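Structural overview for review
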Amino acid sequence: MQTRYRWRNSANPLLTRSRTTWDTRDRAVFPSIRSELGGLSVSYSGLAEGLAYTLEFTELRREDGQETAKRSSSEVTGRDLSAPGRLPDTDIVIVGTSAARARGLPTAASLVMPMRVHFVVDIDGDSEAMRRRISKREREQHNRNMREHNWSWSIVRDPVWFDDFYDRHYRPTMHRRHGERERTETKETSYECLFRTGCLFALSQDGERIGGALCHWDRHSRVLTLRLLGVRDGSQEHFASGAFKAIYHFLIGWAADHGVRRLDFQGTEPFLSKGTYQWKRRFGTRVILPPNHFGEKRLWLQVPRDTPAVRDFLVANPLLAEPEGGGLEAVYFHDSARPARLDYSSKSPGVERVRHIDLDMFLASATSHTPS
């Protein structure tokens, strides 16, 4: 159990590189899925994690509430991923592979993107100093909520609370937020690999526990990583009251007061239109590549066809990309009829620059259709 947990989550560079090499080898077999929805076809081929993290995101952004994606499935090898002509013929093609292999794919009408990014708080001040780095709007809202609700925060080592937290807080919250798309850690692994050596917190209101967080604690690096969190029964009232977000505020204050060097809020897909991206950046976070194996993996996104639906999707979903020299940049697409979606802010430490891309230039090599 410990070995499997470290295989998925370890930040040891030797392990992350070894896993990436194994995961993306030529003879490995990968899913290749074609998804048709909203007048736009998107394919994802490669690392299986990308089905949940990447393809499903594109489907959520194409859904109109009336229809679901029509998927067709096949399989490809690692060698096939290096030959785009062997992949499904779709409007947008996405490949999940290693950073090195992604950089070796064609550059026309394409970008290399991180598979995921993490949001971290570098703890280099006391709790008050760290709270001042949270966005003013978020901080003021939390202060108002604190005045209205009698919240308190504590670390709890009682296994009985672990059972209650996992069954009545974490799992219901994940189901409420993600439904059938939920991705959860098993109870056995959570107990052995997180609770026994990590930190389990409780958020209480008027003395009653209504939420909590289970974190991994690395004593050597002094990094506290938020792994599981939830509110009582996943109830909407605890989201509306600000209790769910209060967990993040309390974690920052606790970390500053207890010798934590870095607080890792984990991450999300590399799209600025993702709600998680927008609200996690408000906590004074810095955007980084994940310290685990995802830090060694990338997405290659290519657009073979120029259609109105393609342009609508690209403009509606600005993203993070990795330019040739490394680092992270925010990419906003636009054309004469579609202004860049600057309302999806990229302002965060770790995002080194902003690039605006004219779709007429970006799609010059794509099969041309008259845009509307």
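As a starting point, this report considers the structure included with it. Counting restarts for each chain, with residues numbered from 1 along the sequence as it is written. Restriction of local features to residues with pLDDT of at least 70 applies here, the model being predicted, together with a cutoff of 80 or more for giving and counting side-chain atom pairs; totals for whole chains, interfaces and linings are based on all residues. Excluded from the side-chain calculations are hydrogens and water; all other atoms, namely the structure's heavy atoms, are used.

Quick look at the overall build of the protein
Counted only if it meets this: Numbered from the N terminus, helices here are DSSP runs of H or I no shorter than four residues, and strands are runs of E no shorter than two. Residue exposure (1.4 Å probe, protein chains only): buried if accessible area is under 20% of the type maximum, exposed if over 50%, otherwise partly exposed. Note on contacts: a residue pair is in contact if any heavy atoms of the two residues lie within 4.5 Å. Only the protein chains shown count as covering a residue, and every accessible area follows the Shrake-Rupley method with a 1.4 Å probe. The charged-residue count follows a simple rule in which Lys and Arg add positive charge and Asp and Glu add negative charge, with His and chain termini not counted at all. A charge is said to be at NZ when it belongs to Lys, at CZ for Arg, at CG for Asp and at CD for Glu.
Within the protein one finds 13 helices and 18 strands. Each principal axis of the C-alpha distribution contributes one length, and for the protein these read about 65 × 45 × 40 Å. Taken across its 372 residues, the protein has 54% of its residues classed as buried. Partitioning the intrachain contacts of the protein with sequence separation of at least 6 by distance along the chain shows that 73% fall at a separation of at least 24. Total accessible area on the protein stands at roughly 17,000 Å², and carbon and sulfur atoms take up 47% of it. Charged side chains in the protein number 56 positive and 48 negative. The centres of these two groups are separated by 3 Å.

Quick word on helix α6 (residues 136-148)
Cut-off, in case you're wondering: A helix is expected to reach a length of 1.5 Å times the quantity of its residues less one. Of all possible arcs, the one meant is that of the directions from the helix axis to the C-beta atoms.
Between its first and last C-alpha, α6 extends 19 Å over 13 residues, near the 18 Å set by a 1.5 Å rise per residue. Considered for burial, the residues of α6 that qualify are Glu138, His142 and Asn145. Down the axis, α6 shows its buried residues gathered within 60° of arc, on one side only. Residues of α6 that are exposed and point over 90 degrees away from its buried face: Lys136, Arg137 and Arg147. Looking at the packing, one finds that the buried side of α6 touches β7 (151-155) and α10 (243-257).

Structural notes on the sheet that holds strand β3 (residues 70-77)
Strands pair in a sheet through their backbones, by hydrogen bonds, and they do so in one of two ways: parallel or antiparallel. Basically, it comes down to this: Should DSSP find at least two bridges between two strands, the strands are taken to pair. All axes are obtained by fitting lines to C-alpha atoms, using only the stretch in contact for helices, and the reported angles, taken between N-to-C directions, cover 0 to 180 degrees.
Here we have 6 strands laid out as an open sheet, ordered β3-β1-β2-β4-β13-β5, and mixed in their pairing. Of all the strands in the sheet, just β3 and β5 (110-114) have a single pairing partner and so form its edges. With strand direction ignored, the average angle separating the axes of adjacent strands in the sheet is 20°. Bridge count between strand β2 (residues 40-46) and strand β4 (residues 92-98): 5 bridges; the pairing is parallel. If you follow Ser45 over to β4, its bridge partner there is Val95.

Focus: the packing of helix α1 (residues 2-9) against helix α8 (residues 187-195)
When two helices pack together, their arrangement is given by the angle between their axes and by how far apart the axes lie. Here is the rule we go by: Roughly parallel refers to an angle under 35 degrees, roughly antiparallel to one over 145, roughly perpendicular to one between 65 and 115, and oblique to any angle outside these ranges. Only Asp, Glu, Lys and Arg are considered charged, only Ala, Val, Leu, Ile, Met, Phe, Trp, Tyr, Cys and Pro nonpolar, and every remaining residue, Gly among them, polar.
In contact at an axis separation of 10 Å, α1 and α8 are set at 75° when each is read in the N-to-C sense. With respect to α8, the axis of α1 lies roughly perpendicular. Listed contacts from α8 to Gln2, Tyr5 and Arg8 of α1 are Thr189, Glu192, Cys193 and Leu194. Residues belonging to the contact of α1 with α8 are distributed by class as follows: 3 nonpolar, 2 polar and 2 charged.

Re α10
Between the first and last C-alpha of α10 there are 21 Å, a value that for 15 residues agrees with the 21 Å anticipated at 1.5 Å per step. For α10, the buried fraction is high: 13 of the 15 residues fall into the buried class. Count one or two residues on from α10 and you reach Gly259, which has phi positive near 75°.

Concerning the pairing of strand β1 (residues 29-37)
The side chains of a regular strand alternate, first on one face of the sheet and then on the other. For β1 and β3, the ladder comprises 8 bridges, and the chain directions are antiparallel. Residue pairing across strands places Ser35 opposite Arg71, the latter belonging to β3. Here β1 pairs with β2 via 6 bridges, running antiparallel. Across the sheet, the residue bridging to Glu36 is Ser41, located in β2. Linking β1 to β2, which pair antiparallel, is a turn of 2 residues; within it Gly38 sits at a positive phi near 65°.

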